[in-house]
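Tertiary structure, described
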Amino acid sequence: QQQVKQSPQSLIVQKGGISIINCAYENTAFDYFPWYQQFPGKGPALLIAIRPDVSEKKEGRFTISFNKSAKQFSLHIMDSQPGDSATYFCAASRYGNKLVFGAGTILRVKS
Amino acid sequence: NAGVTQTPKFQVLKTGQSMTLQCAQDMNHNSMYWYRQDPGMGLRLIYYSASEGTTDKGEVPNGYNVSRLNKREFSLRLESAAPSQTSVYFCASSETANSGNTIYFGEGSWLTVV
């Protein structure tokens, strides 16, 4: 069974709009929640990450919101740009730094 | 800086053939990983090596073996390839195996088994 569930599978957003991707997890032992960005033909690259002791983390146009009681976290991309078009993966890990990934969201930002 | 380098980039195998995917990192990292990526399933951990001299199974180890040759290199071997092993394979590394250490990925190896 998938330990990290990600939605939506795909997302189309207008340039300048807000992109929102959601993830839910089951294992309360997870203690690290990163988001990875992947461009076609490339490997995933870390975008932003959060620990469960904070509810929000912002880096530039990218924000993670974390709800520990609901076991959910989300990625918000403000002022979305065509260059943000990529596949986004949420993930979670605990002891051993073994990431468990969501299924991915294909984001397309229309100019 | 090369980071994590994988070879080959593309490979076509016949069912039953064997092959080894090579991976090397130049960041002096202790921990290395092999993931596979399939449509609609994200990335799944095949094997990992927390430190030189140790290896352990991940989520989907069946049909694979690994060797941590030294601190820099971590290879993945398919002994008898099956069509179900058609996938994109990613090698990755992190400074340590502590949760939260950034994991850096290579660019992937596209493997097709016919």
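Residues numbered from 1 in each chain as written. Chains lettered and ligands numbered in written order. Predicted model: local features only at pLDDT ≥ 70, side-chain atom pairs only at ≥ 80, totals over all residues. Heavy atoms only, no water.

All names here are of chain B. Mapping Tyr-64 onto the fold places it in strand β7 (residues 64–68). Residues Tyr-64 and Pro-39 lie 25 residues apart in sequence; the distance between their C-alpha atoms is 20 Å. Setting aside its immediate chain neighbours within four residues, Tyr-64 contacts Arg-36, Ile-46, Tyr-47, Leu-76, Arg-77, Leu-78, Gln-85 and Tyr-89. (Helix = DSSP H or I, 4+ residues; strand = E, 2+ residues; numbered from the N terminus. Contact = heavy atoms within 4.5 Å.)

Let us look at the state of the cysteines. All names here are of chain A. Throughout the structure, instances matching the rule amount to two disulfides over all chains. Bridging Cys-23 to Cys-90, the disulfide has an S-S length of 1.8 Å. Taking the sign of the S-S torsion, -95° for the link of Cys-23 and Cys-90, the bridge is left-handed. Here Cys-90 lies in strand β9 (residues 86–92) and Cys-23 lies in strand β3 (residues 19–25), a separation of 67 residues in the sequence. In this structure Cys-90 comes out as buried when scored by relative accessible area, which is 0%. (Disulfide = S-S within 2.5 Å. Buried < 20%, exposed > 50% of the residue type's maximum accessible area, 1.4 Å probe, protein only.)

Applying the stated rule across the entire model yields eight salt bridges over all chains. Residues Arg51(A) and Asp31(A) are paired through a salt bridge, measuring 3.8 Å at the closest nitrogen-oxygen approach. Here Asp31(A) lies in the loop between β3 and β4 (33–38) and Arg51(A) lies in the loop between β5 (45–50) and β6 (56–59), a separation of 20 residues in the sequence. Among the charged side chains, a network of salt bridges with common partners joins Lys42(A), Lys9(B) and Glu107(B). (Salt bridge = Lys/Arg side-chain N within 4 Å of Asp/Glu carboxyl O.)

With that out of the way, let us pick up the sheet that holds strand β8 (residues 74–78) of chain B. All names here are of chain B. Spatial strand order, β1-β3-β8-β7: four strands in an open sheet with antiparallel pairing. Each having just a single partner strand, β1 (4–7) and β7 make up the two edges of the open sheet. Across this sheet, the average inter-strand angle for adjacent strands is 20°, counted without regard to direction. Of the pairings in the sheet, the one linking β7 to β8 comprises five bridges and is antiparallel in character. Counted as the bridge partner of Arg-68 is Phe-74 from β8. (Pairing = 2+ DSSP bridges. Axes fitted to C-alpha atoms, helices over the stretch in contact; angles between N-to-C directions.)

As a further point, take the interface of chain A and chain B. The partner chain B presents 24 residues to the 22 residues of chain A that form the contact. Both sides of the chain A and chain B interface together cover about 1,700 Å² of buried area, and 52% of this is carbon and sulfur. Contact with chain B buries area across many residues of chain A, yet Asn97(A), Lys98(A) and Phe101(A) alone supply 31% of it, more than any other trio. Our enumeration of links across chain A and chain B arrives at one salt bridge. Here Glu107(B) and Lys42(A) are joined by a salt bridge, their closest N and O atoms 3.1 Å apart. On the surface where chain A and chain B come into contact, there are 14 residue pairs in polar contact (both at pLDDT 80 or more). Across the side of chain A that touches chain B, the residue classes break down as nine nonpolar, eight polar and five charged. (Buried area = accessible area lost by both parts, 1.4 Å probe. Polar contact = N/O pair within 3.5 Å; in protein donor to acceptor, adjacent residues only side chain to side chain. Nonpolar A, V, L, I, M, F, W, Y, C, P; charged D, E, K, R; others polar.)

Here we come to the sheet that holds β3(A). The strands that make up a sheet are held in pairs by hydrogen bonds between backbone atoms, and each pair lies either parallel or antiparallel. All names here are of chain A. Ordered in space as β1-β3-β8-β7-β6, the five strands form an open sheet in which the pairing is antiparallel. Only two strands of the sheet have a single neighbouring strand rather than two, namely β1 (4–7) and β6. Shown here is a sheet whose adjacent strand axes are inclined to one another by a mean of 15°, direction ignored. One ladder, built from six bridges, connects β3 with strand β8 (residues 72–77); its direction is antiparallel. Bridge pairing links Asn-22 to Ser-74 in β8.

What follows deals with the packing of aromatic side chains. To describe a pair of aromatic rings, you give the distance between the ring centres and the angle between the ring planes. Enumeration according to the criterion identifies 19 aromatic pairs over all chains in this entry. Geometrically, the ring pair formed by Tyr25(A) and Phe66(A) is stacked, given 6.1 Å between the ring centres and 20° between the ring planes. Placement of the pair is Tyr25(A) in strand β3 and Phe66(A) in strand β7 (residues 62–67), with a sequence separation of 41 residues. Given a relative accessible area of 6%, Tyr25(A) falls into the buried group. By the ring-pair criterion, three or more aromatic residues cluster together here, those being Tyr36(A), Phe89(A), Phe101(A), Tyr33(B), Tyr35(B), Phe90(B) and Phe105(B). (Phe/Tyr/Trp six-rings, centres within 6.5 Å; stacked < 30°, edge-to-face > 60°.)

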